[in-house]
Amino acid sequence: MPDLGNTLLALARNAIAGHFGQAAVDVADRPELHEPGATFVTLTRHGQLRGCIGSLEAWRPLGQDVRDNALAAAFRDPRFAPLTAGELPSIRVEVSLLTPLEPMSFADEADALAQLHPDIDGVILTAGRRRATFLPQVWEQLPAPAGFIAHLKQKAGLPADYWGPDVRLERYAVRKWKEAQP
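About the cut-offs
- Residues numbered from 1 in each chain as written.
- Predicted model: local features only at pLDDT ≥ 70, side-chain atom pairs only at ≥ 80, totals over all residues.
- Heavy atoms only, no water.
- Axes fitted to C-alpha atoms, helices over the stretch in contact; angles between N-to-C directions.
- Helix = DSSP H or I, 4+ residues; strand = E, 2+ residues; numbered from the N terminus.
- Parallel < 35°, antiparallel > 145°, perpendicular 65-115°, else oblique.
- Left-handed = near helix turned anticlockwise from the far one by under 90°.
- Contact = heavy atoms within 4.5 Å.
- Nonpolar A, V, L, I, M, F, W, Y, C, P; charged D, E, K, R; others polar.

All right, on to the packing of helix α1 (residues 4–19) against helix α2 (residues 62–75) then. It is the contact of α1 with α2, at a shortest axis distance of 8 Å, that shows an interaxial angle of 50°. Comparing the axis directions of α1 and α2 gives the class oblique. Where α1 crosses over α2, the two elements pack in a sense that is right-handed. Where α1 approaches α2, its residues L4, L8, L11, A12, A15, I16 and H19 are matched on the opposing element by L62, G63, V66, R67, A70, L71, A74 and F75. Classifying every residue of the contact of α1 with α2 by side-chain character gives 12 nonpolar, 2 polar and 1 charged.

As structure tokens, then:
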């Protein structure tokens, strides 16, 4: 039986291809697909981000989460124009399966930074009504915890040097799978 990663990648690609009326590849039904799961689907084209949408908490069946997030990454990521059929052959799909969220306890920003595990932790930063996340893969571009958190604050619409009593951090890990280069 194919591994879970190949199944999730095929579900994501099938969802996008189906939007364009293209035939789907066969995907084995697996029990895990019917259990709650939280995923992010990331699309890249020629090594550049082309869309990334996901779920932070498992609230629907894993198979449905992957399909819905694939469609959202392809057609509803506000940072990009909707994907075109002509782009599809050059798109590389990546699926990240998240572990449950773990709230972090810390005395101050320095303490929070010291607790982070580069290349392992995905982080959600919440401050008031602002919220943003970085998947663990973002450590590849931002390897220092201080830079990682500063950019995460900016993604949430906060100043890079912001810190206040309303800051909450949660972490998670991922299992990730990526298609071969097109």
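One can find R60 in the loop between β2 (48–54) and α2. Residues contacting R60, with those up to four places away along its chain left out, are E35, P36, G37, S55, D65, D68 and N69.

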